[in-house]
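Listed below are the residues making up each chain.
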Amino acid sequence: MGYRLSKLYTRTGDGGETGLANGERIRKDHPRVEAMGDVDELNSHLGLLLCQMDTAHMTDLKLALTPIQHRLFDLGGELAVPGHDLIEAADVAQLEQLIDHYNASLEPLKNFILPGGSVLVAQAHLTRSVCRRAERHYLTLAVEEEVNNQSAIYLNRLSDLLFVVARTIAILEGTAEVLWAAKPKPEA
């Protein structure tokens, strides 16, 4: 880190622009800033999820997820410094290993699952849905500018992992998953 902010407001963004780490100024509604904001929000939701995993039977899962916050910060750094790639195929492979590990103990899906059952399960699903939005905005940026393809893949895998995490939390808590009930067809 080259320098630390000692003053929290600079007034340089009052006109609707923000500065990237490379000094470039762009509009606050630019797709790059949208993606940066979504990754930041995703990291915050993941942090909230991790803070709520305060029981002993969640320790292993919490330890597995904690490094992801650091990779999300790296991804935000990539967005703040165009052309600076930090997420690698090995980071994606780590997510895939976690998906395989936790999915192995889950029953196969026979129905859609709704976000709910407990606060922690719902938070995992909320984190997953924010991850999907971050991925969509990242892909929007990719249409306009060159970005790290591994980061797009990382966000895609992370949302899959968060789905598996939500299901795993339900098992660890002994919480029944909330299954979607289709609207009954009207009688003719």
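To be clear, the structure that these remarks concern was listed above.
Residues numbered from 1 in each chain as written. Predicted model: local features only at pLDDT ≥ 70, side-chain atom pairs only at ≥ 80, totals over all residues. Heavy atoms only, no water.

### Structural notes on the packing of helix H3 (residues 89–103) against helix H5 (residues 149–173)
Right, so step 1: Taken N-terminus to C-terminus, the directions of H3 and H5 make an angle of 20°; their axes are 9 Å apart at the nearest point. Taken together, the axes of H3 and H5 are roughly parallel relative to one another. Handedness of the crossing formed by H3 with H5: left-handed. Of the residues in H5, those touching H3 at Ala-89, Asp-91, Val-92, Leu-95, Glu-96, Leu-98, Ile-99, Tyr-102 and Asn-103 are Gln-150, Ile-153, Tyr-154, Arg-157, Leu-158, Asp-160, Leu-161, Val-164 and Thr-168.
Right, so step 2: Here the contact of H3 with H5 is composed, by residue class, of eleven nonpolar, three polar and four charged. (Axes fitted to C-alpha atoms, helices over the stretch in contact; angles between N-to-C directions. Helix = DSSP H or I, 4+ residues; strand = E, 2+ residues; numbered from the N terminus. Parallel < 35°, antiparallel > 145°, perpendicular 65-115°, else oblique. Left-handed = near helix turned anticlockwise from the far one by under 90°. Contact = heavy atoms within 4.5 Å. Nonpolar A, V, L, I, M, F, W, Y, C, P; charged D, E, K, R; others polar.)

### Brief notes about the nonpolar core
The tendency in soluble globular proteins is for nonpolar side chains to be buried as a group.
Right, so step 1: Membership of the largest hydrophobic core comes to 41 residues, with the highest contact counts inside it found for Leu-65, Ile-68, Leu-72, Tyr-154, Leu-158, Leu-161 and Ile-169.
Right, so step 2: Elements with a contribution of two residues or more to this core: helix H1 (31–52), helix H2 (59–80), H3, helix H4 (119–144) and H5.
Right, so step 3: Broken down by element, the residue count for this core peaks at eleven residues, all from H5.
Right, so step 4: Once residues lying within four places of it in the same chain are set aside, the contact partners of Leu-161 are Leu-65, Ile-68, Leu-95, Leu-98 and Ile-99. (Core = buried A, V, L, I, M, F, W, Y, C linked by side-chain atoms within 4.5 Å. Buried < 20%, exposed > 50% of the residue type's maximum accessible area, 1.4 Å probe, protein only.)

### As for the packing of aromatic side chains
Right, so step 1: Taken as a whole, this structure holds one aromatic pair when the rule is applied.
Right, so step 2: Arranged with centres 5.7 Å apart and planes meeting at 70°, the rings of Phe-112 and Trp-180 form a pair that is edge-to-face. With a gap of 68 residues between them, Phe-112 in the loop between H3 and strand S3 (113–114) and Trp-180 in the segment after strand S4 (178–179) connect regions that are remote in the sequence.
Right, so step 3: Judged by relative accessible area, Trp-180 falls into the partly exposed class, the value being 40%. (Phe/Tyr/Trp six-rings, centres within 6.5 Å; stacked < 30°, edge-to-face > 60°.)

### Things to note about the pattern of salt bridges
Right, so step 1: Inspection of the entire model under this criterion finds eight salt bridges.
Right, so step 2: A salt bridge links Asp-38 to Arg-133; its shortest N-O distance comes to 2.6 Å. Taken as a pair, Asp-38 in helix H1 and Arg-133 in helix H4 lie far apart in primary sequence, 95 residues in all.
Right, so step 3: The class for Asp-38 is buried, based on a relative accessible area of 4%.
Right, so step 4: Within this structure, Asp-38, Glu-41 and Arg-133 form a network of salt bridges that share partners. (Salt bridge = Lys/Arg side-chain N within 4 Å of Asp/Glu carboxyl O.)

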